[in-house]
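Coordinates in review
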Amino acid sequence: GAVVSQHPSRVICKSGTSVKIECRSLDFQATTMFWYRQFPKKSLMLMATSNEGSKATYEQGVEKDKFLINHASLTLSTLTVTSAHPEDSSFYICSASGGLNTEAFFGQGTRLTVV
Amino acid sequence: QKEVEQNSGPLSVPEGAIASLNCTYSDRGSQSFFWYRQYSGKSPELIMFIYSNGDKEDGRFTAQLNKASQYVSLLIRDSQPSDSATYLCARRGNQGGKLIFGQGTELSVKP
């Protein structure tokens, strides 16, 4: 399958700081990228959908000013968790797709711990 | 009603048996469907992708899609202990092409 690279894989940050997570599609053009959050033993919760060159569409209950998503190119999307708090600690995963009826591949995920 | 529903399990099958995983969805506008496998602490791995009615086979895996019944399933033949994982069903539709997941089914293959 196609390769989606997500960095960093783990990050520990202090409360009040911001953290940027990168998601890159290495061998295909990702017109759409999805950002998910997953709690232990729970399913993936969609946070937002971003299409290249457009503003991200956030799911209900997700604060767009707290979780800033940028999808400036067909190979890169970023998620910035601003003013992080301990309750933002979670496993964040991105997924990239080339189009509506094409496959969607996941990055390795980022385990964020806010102390 | 949840957009994508799966039995949470756990589903336990003996090694070598067929594991059958089921998924239903509520939005008739759903166009494509995915099965992912997720090991604990790891990100999901795509196993099957299907968007036409009928069966799609890839090695030991067969996905079955029935849009009239809003049902998609995954069969795993000759199950192996290494298949033990959580299997996630997902759909994409016209509403912004969102990729929505079910809660996952935990599969345990006993040696």
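Placed above this text is the structure.
Our subject in this report is the structure included herewith. (Residues numbered from 1 in each chain as written. Chains lettered and ligands numbered in written order. Predicted model: local features only at pLDDT ≥ 70, side-chain atom pairs only at ≥ 80, totals over all residues. Heavy atoms only, no water.)

1. Remarks on the layout of surface pockets
To locate leftover empty space, one rolls a probe as large as a water molecule over the atoms. Taken as a whole, the largest pocket spans an internal volume of roughly 980 Å³. Taken together, 37 residues form the lining of the largest pocket, with Q38(A), K41(A), K42(A), S43(A) and Q103(B) sitting closest to its centre. Elements that contribute at least two residues to the lining of the largest pocket include exactly β4 (32-38) and β5 (44-51) of chain A together with β9 (85-93), β10 (99-101) and β11 (105-110) of chain B. Split into classes, the residues belonging to the lining of the largest pocket amount to 15 nonpolar, 13 polar and nine charged. Looking at the second largest pocket, the residues that line it are S9(A), R10(A), F91(A), Q108(A), G109(A), R111(A), G41(B), K42(B) and S43(B). Of the residues in the lining of the second largest pocket, the class split is one nonpolar, five polar and three charged. (1 Å grid on protein atoms, 1.4 Å probe; cavity = no way out; pocket = protein on both sides within 12 Å on 5 of 7 lines; lining within 4 Å. Points joined across faces, edges and corners; volume = space filled by probe spheres on them. Helix = DSSP H or I, 4+ residues; strand = E, 2+ residues; numbered from the N terminus. Nonpolar A, V, L, I, M, F, W, Y, C, P; charged D, E, K, R; others polar.)

2. Some thoughts on the sheet that holds strand β8 (residues 76-81) of chain A
Residues and elements named next belong to chain A. Sheet architecture is open: four strands sit in the order β1-β3-β8-β7, paired in antiparallel fashion. Of all strands in the sheet, those with a lone pairing partner are β1 (4-7) and β7 (67-73), marking the two edges. Direction aside, the axes of adjacent strands within the sheet are offset by 15 degrees on average. Pairing of β7 with β8, which is carried by five bridges, proceeds in the antiparallel orientation. (Pairing = 2+ DSSP bridges. Axes fitted to C-alpha atoms, helices over the stretch in contact; angles between N-to-C directions.)

3. Quick look at the sheet that holds strand β1 (residues 4-6) of chain B
Residue and element names in this part refer to chain B. Spatially, β1-β3-β8-β7-β6 is the arrangement adopted by the five strands of the open sheet, whose pairing is antiparallel. Each end of this open sheet is capped by a strand with a single partner; those strands are β1 and β6 (54-58). Strand-to-strand twist across the sheet, computed as the mean angle between neighbouring axes with direction ignored, equals 20 degrees. In terms of strand pairing, β6 meets strand β7 (residues 61-66) through five bridges, oriented antiparallel. Bridge pairing in β7 places G54 opposite L65.

4. Comments concerning the interface of chain A and chain B
Facing 25 residues of chain A, the contacting portion of chain B comprises 24 residues. Approximately 1,700 Å² of surface area, both sides summed, lies buried where chain A meets chain B, with 57% of it carried by carbon and sulfur atoms. Looking only at chain A, the three residues that lose the most surface to chain B are L100(A), N101(A) and F106(A), adding up to 31% of its buried area. The tally of links from chain A across to chain B stands at one salt bridge. (Contact = heavy atoms within 4.5 Å. Buried area = accessible area lost by both parts, 1.4 Å probe. Salt bridge = Lys/Arg side-chain N within 4 Å of Asp/Glu carboxyl O.)

5. Some words on the pattern of salt bridges
Taken as a whole and judged by the stated rule, the model has nine salt bridges over all chains. The salt bridge involving K66(A) is made with D88(A); its shortest N-O contact spans 2.8 Å. With a gap of 22 residues between them, K66(A) in the loop between β6 (57-58) and β7 and D88(A) in the loop between β8 and β9 (90-97) connect regions that are remote in the sequence. Residues R37(B) and D83(B) are paired through a salt bridge, measuring 3.6 Å at the closest nitrogen-oxygen approach. Pair noted here: R37(B) is in strand β4 (residues 30-38) and D83(B) is in the loop between β8 (71-76) and β9, with a separation of 46 residues, a long-range link. A relative accessible area of 12% places R37(B) in the buried class. Look at D83(B) and you get buried, because its relative accessible area is 1%. Linked by salt bridges that have partners in common, R37(B), E45(B), R60(B) and D83(B) make up one network. (Buried < 20%, exposed > 50% of the residue type's maximum accessible area, 1.4 Å probe, protein only.)

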